[in-house]
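An overview of the molecular structure
Each chain, written out:
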Amino acid sequence: MNPYPNRKTPDRVTFQPSTYNEILIPSLSGLRQSEREAYHLIMQFMEPGQMSQVDKLSFLRAVETLSSAVHSQANGNMNDYYPKTLLAKKIETIILEEPIEILDSSVRQQAMFCIVALSQVNPPFHLCQKLDLVNVSITSVFSLPLIMPSLDRKESASLYLQTNQALDDMLHTLVMDDMNPSMLILQQFLEIILPWLTSSDKTHEQTRVLGTITRLLRFICTFSELLHMTSFSINGKLMGILGLFCMNANQEISAGASEALYYLFTMLVLQRSMRPKTQSILKDLQKHFHGNWLANMQNLTLFFRKYLTPPERADVLMVALEATVSTSMYEVFAASKMLKMIMKYTLVEIAKVSEIIQFIYYHVDRITDITAQNIIKKIFQVLVQSYTDEVILTLFKIEDQTQRGMCKPWEILASFPKGYCVIMEYLLQRLIPSQALKDQEPSESEISPPIATRAIHELLMVQSQRLELQSFFASLFIMLLFQISFLVTQRSAGTQFQQHECMDILRSSVEALKTLLRSSGYVDHMTYIQTLGGWELLVNSKRHYDGVTLVARSLVVKNCWHNRPVFSLLIWTLQDPDCVNYFTALVFLTELLHCPDVADAVDDVATKVLGNWFKCEEPATVKLLLQMSEVFAKHNNMVKQLHILQPYVLNCCYSSNSDLVMETFLTLQRLLKDLTWQHSSSFINQLAFILVPFFDEESEQLRLIAFQIYGSILIKVMRRILIFPLKHQILNLIVLLVLHLKDVNTDVVEVCRLSLCNTATILGWSKLKVVFAKSDVFTILIALLHQETTKALWFLKQCVALFKSPQGPIRHAAVWFAGQIIQILDLGEEEIEEAYTALRHMQQDSDPTVSCLTTQTFYILEAKEKALLAKTPSSCLCMRRSQRRHL
């Protein structure tokens, strides 16, 4: 059974002997007769086709023989004879083809010996190749059914033992990096092996896994120097898993886990203990080599405290915690025992506290075992006392992200009176820092913000000054709004004021703003804000800008007399690039621009001020400006100034922020709905060119929007206004639209077909429009080439450009169409030479269907060229043919 059903196996690769011989012509003079025979045998069996068991064994022995010959050479390299990567893939395929229901041949064994032999010759295996070989071999061996030793199955048992030994030999060889084991490689091997232990419910599979891990760790322990030991981050997870299996009810599994754990301990002692004490520690370990679970847990607790790093300790705890929510009572019992032993002593430093707390938070209600519940509570309480900040912040973060009401963790906190008092005192100190007010206290000669706000409030309440109030309404309104925004945002980020002082200033500022509206005759505006909850939103740190929007909307809906002065003042404020409250100003303006009176006041100067803020490149700000540009498109006056913002909007298409790029395209899509050709022809022309790189975007959603925008452009274009350069660009995208009918996204296909029909309408191609509407890609391409033969060279260039498409079906169609075009073109044109060069590169395409089609295309073209030469001999043509062969 193939564990990689989507992976192409080597037997699907078609090798071209003639091409291969041109690339690699090995010298066999230094080989013996048997080694030459082995080489020819390898070449024979690397051809596609079914192989019998005898063939497989012959092939594997031949690879071993050739590997041995290369190994004996001073500077031997297997690639000098045959690519080592392809040999490894072939061996991988042979292993995959072996049945997992029965072990009736030595093919697996021989294949793994062969891998060992290959690993000892240059070039070295890449890590991904090692992992593929290990994964396939592990699956092939571990999946075998239970083989019990008996008289009638003596040969099968012996064969299994030999195969298992071959697997060990292979793992031991592949884990090496030059002369020493690489712990990074070992970690990736273990990440392949461990799921077979934790996910399997078959005793014989778990026993095999534990045996393999034991022998692998024992092998590692024979080396004094291990590479990348500091990067080996799986110690904790491995210790936790093996510790749990030491308490397994099955004696064989328990013994296997105990032995594996012993060698893990040994490795840690050898690598992390002080040299003078190493031998004595190892002797103590040896005494309890086959001890009971209690002895193993005592050792585990010791190593947990002395030899593991804080992140590794956290991994041990996480493994045990995950086991407490298992459906198996045995696993819950084992996890509880292990955690109880660990928590018996004062908890040493650990990392990943947030992950542990999150696990407890989400799973505490699923733990039904009383012992497990008590130990979980103890862990939680200890963590709270040792890592108070991190625990509390994590709990609040979780509650903010999920539905409130899950109070179990807080109940655990309160269930331990002493700890509860300590935590409450700690939190109170954080809420009211004793030095904050003193540090921020102004001098006697300065007016503090609270005093200034109160003074404004008092002045606004003077009834006799309403007339004078009208002249400075805009300034006062904006300054109060900015102060509220400053206080709210500073509070959420960590205010410079003490919390209660900040709230006092905030309340005073809001009351002052209410009074300003009331005193200026805008009672309806104030009521509108109140009814929609605007005042509450305005002081809410998370939804503050929703409150700012609502306040601005009240001025628009209720037609405030001061809208123009407020707009002018905001624009004046935004002229300062260091404006602190620029975001508040932009949020307010985005809503205020909906007012017709304000829209009429927008001029080039104001628009340029807004456009300059695109340069800040802060995603939130740019998204806000994109939203504002949509408002420009909806008003007749502002659409005239939209051309100032358009370059900034288009430039956002090239942002490094993918979310911002997506938002930009959505904005462009909405803009096109409101724009007309009369007012925005230049912008639409430019957009048609900017879209091109995004037609091959890997993101399906972004690619779809790009095609939808182009389709919207075509709808706005009429034949009578179609001139250069848009006409040139439309023609330049014909082949792209056709080939994207092969797009993996069906929505893109639908949009492209509709765009093709619109293109045909614009260009007056009535016959092709029928073909575009219903025919398949190849029929369309032939019809297009037949009708527009004069544009064949142009179409060829478009095809060559699509050779770089990330989608195999599109590259396939591009190669096919290029071949069709070349056959009808004059072979003497220089552009053909360029196409030949690009086409030749496609023979190395990662998609075998594309590379195969390319090769077939060359055969056809060469045959045509020979026929042409036979009819019209020409030294020039011969010379060009020779040049193409060497491109």
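Refer to the preceding data block for the structure.
One structure accompanies this document, and this report is about it. Remember, it's a predicted structure, so these values are computed and weren't measured experimentally.

1. Describing the overall build of the chain
Along its length, the chain carries 47 helices and two strands. Within the chain, buried positions represent 51% of all 887 residues. Long-range pairs, those at least 24 residues apart, make up 72% of the contacts in the chain with a sequence separation of at least 6. When the accessible surface of the chain is summed, it comes to about 43300 Å², and 54% of that surface belongs to carbon and sulfur atoms.

2. Topic: the pattern of salt bridges
Overall, the coordinates contain 19 salt bridges when judged by the stated rule. A salt bridge links Glu35 to Arg32, with the shortest nitrogen-to-oxygen separation between them at 3.8 Å. With a closest N to O distance of 3.8 Å, Lys89 and Asp132 form a salt bridge. Separated by 43 residues along the polypeptide, Lys89 in helix 4 (residues 84-97) and Asp132 in helix 6 (residues 127-142) bring together distant segments of the chain. On the basis of relative accessible area, Lys89 is assigned to the partly exposed category, the value being 26%. Residue class for Asp132 comes out buried when judged on its relative accessible area of 17%. Overlapping salt bridges, with partners in common, bring together Lys56, Glu97 and Glu98 in one network.

3. Some points on unusual backbone geometry
For the peptide bond that leads from Asn122 to Pro123, omega is -5 degrees, which places it in the cis range. Tracing the sequence through the fold places Pro123 in the loop between helix 5 (107-119) and helix 6. Positive phi values are uncommon outside glycine, yet His228 reaches one of about 60 degrees. Structurally, His228 can be placed in the loop between helix 9 (203-220) and helix 10 (235-245).

4. Some details on the environment of His204
As for its placement among the helices and strands, His204 is situated in helix 9. When the C-alpha positions of His204 and Pro145 are compared, they lie 8.0 Å apart, and in sequence the two are 59 residues distant. With sequence-adjacent residues up to four places away left out, His204 is seen in contact with Leu144, Pro145 and Leu146.

5. Here's the deal with the side chain of Asn745
Looking at the element boundaries, Asn745 is found in the loop between helix 39 (734-739) and helix 40 (746-763). A polar atom in the side chain of Asn745 sits 2.8 Å from the backbone nitrogen of Asp747. Every residue in contact with Asn745, bar those within four places of it in the chain, is listed here: Glu700, Arg703 and Leu704.

6. Topic: the packing of helix 2 (residues 33-45) against helix 3 (residues 53-72)
Orientation of helix 2 relative to helix 3, taken along the N-to-C sense of each, is 130 degrees, at an axis distance of 8 Å. Classified by the interaxial angle, the pair formed by helix 2 and helix 3 is oblique. Once helix 2 is placed against helix 3, the crossing between them reads as left-handed. Each of Ser34, Glu35, Ala38, Tyr39, Leu41, Ile42 and Phe45 in helix 2 lies in contact with helix 3, whose residues at this interface are Asp55, Ser58, Phe59, Ala62, Val63, Thr65, Leu66 and Ala69. For the contact of helix 2 with helix 3, the class distribution of residues is ten nonpolar, three polar and two charged.

7. Concerning the nonpolar core
By size, the foremost hydrophobic cluster in this structure holds 154 residues, and its most contacted members are Phe477, Phe588, Leu592 and Phe665. With eleven residues, the top contributor of residues to this core is helix 24 (residues 473-493). Other than its neighbours up to four places away in sequence, Phe665 contacts Cys653, Leu691, Phe694, Leu702, Ile705, Ala706 and Ile709. Listed in part, the 144 residues of the second largest apolar core include Phe245, Leu308, Met318 and Val332.

8. So, helix 12 (residues 275-287)
Along helix 12, the residues classified as buried are Thr278, Ile281, Leu282 and Leu285. Seen end-on, helix 12 carries its buried residues on one side only, within an arc spanning 105 degrees. For helix 12, exposure combined with an orientation more than 90 degrees from the buried face picks out Pro276, Lys277, Gln279, Lys283 and Lys287.

9. Focus: the packing of helix 10 against helix 15 (residues 329-342)
Following both chains from N to C, one finds helix 10 and helix 15 inclined at 120 degrees, their axes separated by 9 Å at the closest point. One finds that helix 10 runs oblique with respect to helix 15. Two packed elements cross with a definite hand, and for helix 10 against helix 15 that hand is right-handed. On the side of helix 10, the interface is formed by Gly240, Gly243 and Leu244, while helix 15 contributes Ala334, Ala335 and Met338.

10. Here we look at the side chain of Thr324
Counting through the fold element by element, Thr324 comes out in helix 14 (residues 310-324). Judged by its relative accessible area of 3%, Thr324 falls in the buried class. Within the local environment of Thr324, its side chain forms a polar contact with the backbone oxygen of Leu321, the two atoms lying 2.4 Å apart. Filtering out sequence-adjacent residues up to four positions away, Thr324 remains in contact with Val332, Ala335, Leu339, Ile367, Ala372 and Ile376.

11. A word on the packing of aromatic side chains
If you walk through the whole model with that rule in mind, you get 19 aromatic pairs. Relative to Phe59, the ring of Phe45 has its centre 6.5 Å away and its plane inclined at 85 degrees; by these criteria the two rings are edge-to-face. Taken together, the residues span a long stretch of sequence, with Phe45 in helix 2 and Phe59 in helix 3 at a distance of 14 residues. Across this residue pair, the class does not change: Phe45 and Phe59 are buried. Ring geometry for Phe614 and Tyr648: centres 5.5 Å apart, planes at 10 degrees, overall stacked. Here Phe614 is found in the loop between helix 32 (604-612) and helix 33 (619-633), whereas its partner Tyr648 is found in helix 34 (residues 638-651), with 34 residues between them in sequence. Using a relative accessible area of 7% as the deciding quantity, one classes Phe614 as buried. The positively charged end of Lys84 is found above the aromatic ring belonging to Phe125, 4.2 Å away from the centroid.

About the cut-offs
- Residues numbered from 1 in each chain as written.
- Predicted model: local features only at pLDDT ≥ 70, side-chain atom pairs only at ≥ 80, totals over all residues.
- Heavy atoms only, no water.
- Helix = DSSP H or I, 4+ residues; strand = E, 2+ residues; numbered from the N terminus.
- Buried < 20%, exposed > 50% of the residue type's maximum accessible area, 1.4 Å probe, protein only.
- Contact = heavy atoms within 4.5 Å.
- Areas by Shrake-Rupley, 256 points an atom, 1.4 Å probe, with all protein chains shown as cover.
- Salt bridge = Lys/Arg side-chain N within 4 Å of Asp/Glu carboxyl O.
- Polar contact = N/O pair within 3.5 Å; in protein donor to acceptor, adjacent residues only side chain to side chain.
- Axes fitted to C-alpha atoms, helices over the stretch in contact; angles between N-to-C directions.
- Parallel < 35°, antiparallel > 145°, perpendicular 65-115°, else oblique.
- Left-handed = near helix turned anticlockwise from the far one by under 90°.
- Nonpolar A, V, L, I, M, F, W, Y, C, P; charged D, E, K, R; others polar.
- Core = buried A, V, L, I, M, F, W, Y, C linked by side-chain atoms within 4.5 Å.
- Arc of directions from axis to C-beta.
- Phe/Tyr/Trp six-rings, centres within 6.5 Å; stacked < 30°, edge-to-face > 60°.
- Lys NZ or Arg CZ within 6 Å of the ring centre and 35° of its normal.

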